[in-house]
Amino acid sequence: MQTLNVELGDRSYPIVVGTGAIARADLIAAALPQPRAVIVSNETVAPLHLQSLKAPLAAAGVDTLEVILPDGEEYKDWPTLNRIFDALLAHRCERSTTLIALGGGVIGDMTGFAAACYQRGVPFIQVPTTLLAQVDSSVGGKTAINHPLGKNMIGAFYQPQLVLADTDTLATLPDREFRSGLAEVIKYGLIRDAEFLGWIEQNVDALLARDPEALAHAILRSCRNKAEVVAADERESGERALLNLGHTFGHAIETGCGYGVWLHGEAVAAGTLMAAELSHRLGWIDAATLQRIEALFARCALPVHGPALGVERYLELMAHDKKVQDGKLRLVLLKAAGRAVLSSAVPAGDIGAAIEARCRAD
Ligand code: NAD
Ligand code: GLY
């Protein structure tokens with residue numbers, strides 16, 4: 001088990017990564033203001049992992065209540081969020097009752113947002129159970145629900161007290177979900193950690209085989225990258241925007257196809273290729289670098305083309321991006337494999353051409 005910290009002054013918190021982390025009731029209990037917590041999970045994760053979290057908590061004298069939500073990105077919405085509030089109110093949960101998110105990024109984002117809103121803010125803990133959530137969404141305090149017009153549009157920055165990433169929970173994760181998480185791992189290499197990118201390329205077979213050592217290294221290195229970025233720019237006024245490589249295109253794919261059709265990491269993979277294609281067309285990266293990026297995503301069986309929604313539809317959806325400033329689209333692009341930049345100066349024609357080149361009808 002290894003620990004690293006997200007350094008945010010009096011809101012700093014540890015990320016604990018390793019086998020058996022879910023059962024560390026001692027760490028959870030130490031973070032609770034009262035011996036009472038509400039575990040939010042979903043219908044898929046709860047039968048697999050709830051007992052491993054709940055039983056040690058009961059043994060440690062912590063009283064728990066569960067809220068089990070339906071599973072799916074399409075439920076990351078107001079009516080489902082309200083089910084959390086209904087339960088908190090029905091059970092007279094107090095301002096010092098902690099919410100614990102047990103699940104992937106959907107459960108983490110919704111539970112975090114519920115914690116930010118209930119009684120104007122209650123403590124919360126992340127117990128991420130997907131690769132994507134362990135390397136990205138559980139760290140950094142972005143919480144949100146979707147709106148029919150845009151992904152993650154309604155939310156809050158709200159940091160957890162503790163993140164417990166148990167690598168054992170990944171054993172039950174379906175292959176497609178696992179590969180989706182790898183897209184966000186590759187992201188850190190591409191935006192700011194060229195050495196890590198090289199390591200991923202060397203170890204991709206071990207990662208795909210879920211080799212425990214390779215996995216632990218990838219999760220820790222990803223979390224270290226994310227923790228550094230978040231510590232430097234918690235509310236995304238600068239560097240944090242780079243964590244959105246591929247996301248402006250990717251969110252358009254997710255919203256355009258209907259939430260849940262493309263997995264988040266799949267959409268990010270296709271979106272990253274669009275960003276790389278555009279960077280190449282602007283003369284910022286050479287053809288060999290573009291091919292190198294494509295080859296890595298392809299080895300992970302991740303999509304390297306987006307759906308053929310039409311350039312106009314892509315641009316319309318991308319206009320809702322949270323990075324839009326003064327009506328102008330800002331995109332995360334690559335200057336090299338390992339160095340991303342935020343650019344607002346790209347002509348729409350070039351963006352359209354890159355999208356066109358990276359879409360497939362099938
Ligand atoms: P998810 O939460 O939908 O989980 C994927 C699937 O795996 C679900 O069906 C889930 O029930 C299942 N699952 C979870 N853990 C499992 C396990 N251990 N065994 C078996 N099945 C398991 O999706 P995700 O990929 O974890 O997260 C995607 C979401 O995260 C998106 O909504 C995205 O917007 C959000 N996100 C947020 C941030 C952030 O900074 N807050 C960053 C990246 C992504
Ligand atoms: N996943 C992007 C961020 O946390 O900023």
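Here, every reference points to the structure presented above.
The model shown is predicted, which means the values in this text are computed figures rather than measured ones. (Residues numbered from 1 in each chain as written. Chains lettered and ligands numbered in written order. Predicted model: local features only at pLDDT ≥ 70, side-chain atom pairs only at ≥ 80, totals over all residues. Heavy atoms only, no water.)

Visitor: Lay out the pattern of salt bridges with the relevant residues and their values.
Guide: For the structure on display, the rule yields 24 salt bridges. For Arg24, the salt bridge is made with Asp26, and the minimal N-O distance between the two is 2.8 Å. Accessibility expressed as a relative area gives 44% for Asp26, which makes it partly exposed. Put simply, Arg221 and Asp193 hold a salt bridge, and the shortest N to O gap is 2.8 Å. Of this pair, Arg221 sits in helix H8 (residues 212-232) while Asp193 is found in the loop between helix H6 (175-192) and helix H7 (194-208), placing the two residues 28 residues apart along the sequence. Asp193 matches Arg221 in its accessibility class, with the two residues each being buried. Among the ionic contacts, a cluster of salt bridges with common partners joins Asp136, Glu184, Lys187 and Lys226. (Salt bridge = Lys/Arg side-chain N within 4 Å of Asp/Glu carboxyl O. Buried < 20%, exposed > 50% of the residue type's maximum accessible area, 1.4 Å probe, protein only. Helix = DSSP H or I, 4+ residues; strand = E, 2+ residues; numbered from the N terminus.)

Visitor: Break down the nonpolar core for me, with residues and values.
Guide: Among the nonpolar cores identified, the biggest contains 73 residues, and Leu131, Leu190, Phe249, Phe297 and Ile355 are the most heavily contacted of them. Top contributing element to this core by residue count: H8, with nine residues. With residues near it in sequence (within four places) discarded, Phe249 still touches Gly271, Met274, Ala275, Leu278, Tyr314, Met318, Leu331, Ile351 and Ile355. The next biggest cluster of nonpolar side chains, apart from the first, holds 22 residues, and it includes Ile84, Ala114, Phe124 and Ile145. (Core = buried A, V, L, I, M, F, W, Y, C linked by side-chain atoms within 4.5 Å. Contact = heavy atoms within 4.5 Å.)

Visitor: I'd like a rundown of the site of ligand 1, residues and numbers included.
Guide: Taken together, 28 residues sit near ligand 1, with Glu73, Lys76, Thr130, Lys151 and Thr172 positioned nearest. Taking Asp71, its side chain carries an N or O atom lying 2.7 Å from an oxygen atom of ligand 1. Note that an oxygen atom of ligand 1 is positioned 3.4 Å from one of the side-chain N or O atoms of Lys226. At the level of elements, helix H2 (45-59), helix H4 (105-117), helix H5 (131-137), strand S8 (150-157) and H6 are the ones that each hand at least two residues to the shell around ligand 1. Residue composition of the shell around ligand 1, grouped by class: six nonpolar, 12 polar and 10 charged. (Near = heavy atom within 4 Å. Polar contact = N/O pair within 3.5 Å; in protein donor to acceptor, adjacent residues only side chain to side chain. Nonpolar A, V, L, I, M, F, W, Y, C, P; charged D, E, K, R; others polar.)

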